[in-house]
Amino acid sequence: MKVSRAQIVGNGIRCGCPNCGRRRVFQPGRAFRVNASCPNCGLKIETGDGAFLGPLVINYGVTVFGVVIPIIVLYAVGRLGPAATVSLALAAALLVPLLLYRLSWYWWLALYYFFLPQDVPYNLGDRPRDDE
């Protein structure tokens, strides 16, 4: 079964493995522990030493540009006071990354394999992965 780029993105949006669509990227019972590969289909999740950088950038971008900057803009236009702005921005900077951690991993995997669809196991056929 071939996996298209649209299916990869759809699986990522639904928080599933880009290859098989199952929600098995994280270890059961461990909120922040990522599996080295999908236990269902074998897709490599940890693709190297810097594998965490993609999710980190997504998480940081959503936190800063989607939450903290709008709070600061509300202060700049006079909708929030200084104490409320600092409190909300600090709370958002601490809580939003924790809440988005898993989601950022799914989005990163979808983005990564969107550009490398030939490397998902269902698209490999008989050829080995490039990194093996």
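Going by the structure above, here's the rest.
How each quantity is defined
Residues numbered from 1 in each chain as written. Predicted model: local features only at pLDDT ≥ 70, side-chain atom pairs only at ≥ 80, totals over all residues. Heavy atoms only, no water. Helix = DSSP H or I, 4+ residues; strand = E, 2+ residues; numbered from the N terminus. Buried < 20%, exposed > 50% of the residue type's maximum accessible area, 1.4 Å probe, protein only. Expected span 1.5 Å × (residues − 1). Bend = angle between axes of the 7 residues up to and from the residue. Contact = heavy atoms within 4.5 Å. Polar contact = N/O pair within 3.5 Å; in protein donor to acceptor, adjacent residues only side chain to side chain. Axes fitted to C-alpha atoms, helices over the stretch in contact; angles between N-to-C directions. Parallel < 35°, antiparallel > 145°, perpendicular 65-115°, else oblique. Nonpolar A, V, L, I, M, F, W, Y, C, P; charged D, E, K, R; others polar. Left-handed = near helix turned anticlockwise from the far one by under 90°.

## What about the environment of isoleucine 69?
Alright, step 1. Mapped onto the secondary structure, isoleucine 69 falls in helix 2 (residues 53-76).
Alright, step 2. Using a relative accessible area of 35% as the deciding quantity, one classes isoleucine 69 as partly exposed.
Alright, step 3. Note: C-alpha distance between isoleucine 69 and alanine 89 (20 residues apart in sequence) is 8.4 Å.

## Observations regarding helix 3 (residues 82-115)
Alright, step 1. With 34 residues, helix 3 should cover 50 Å at 1.5 Å per step; its first-to-last C-alpha distance of 43 Å lies more than 12% under that length.
Alright, step 2. In the structure, helix 3 departs most strongly from a straight axis at tyrosine 101, where the bend amounts to approximately 55°.
Alright, step 3. Three or more residues of helix 3 are buried, namely Thr85, Ala89, Ala92, Val96, Leu100, Ser104, Trp105, Tyr106, Leu109, Ala110 and Tyr113.
Alright, step 4. Elements that come into contact with the buried residues of helix 3 comprise helix 1 (5-13) and helix 2.

## Section: the side chain of asparagine 35
Alright, step 1. Within the secondary structure layout, asparagine 35 lies in the loop between helix 1 and helix 2.
Alright, step 2. Using a relative accessible area of 12% as the deciding quantity, one classes asparagine 35 as buried.
Alright, step 3. Only 2.8 Å separates the side chain of asparagine 35 from the backbone oxygen of arginine 24, close enough to count as a polar contact.
Alright, step 4. Discounting residues that sit within four places of it in the chain, asparagine 35 has contacts with Arg24, Val25, Phe26, Gln27, Ile45 and Glu46.

## Quick notes on the packing of helix 1 against helix 3
Alright, step 1. It is at 8 Å that the axes of helix 1 and helix 3 come closest, and there the two elements cross at 170°. Between helix 1 and helix 3, the angle falls in the class roughly antiparallel. Residues Arg5, Ile8, Val9, Gly12 and Ile13 of helix 1 form the contact with helix 3, whose participating residues are Tyr106, Trp107, Ala110, Tyr113, Phe114 and Phe115.
Alright, step 2. When its residues are assigned to classes, the contact of helix 1 with helix 3 shows nine nonpolar, one polar and one charged.

## So, the packing of helix 2 against helix 3
Alright, step 1. Contact geometry for helix 2 and helix 3: axes closest at 7 Å, N-to-C directions at 155°. Taken as axis vectors, helix 2 and helix 3 run roughly antiparallel relative to one another. Along this stretch, helix 2 crosses helix 3, giving a crossing that reads as right-handed.
Alright, step 2. A per-class count over the contact of helix 2 with helix 3 returns 20 nonpolar, five polar and no charged.

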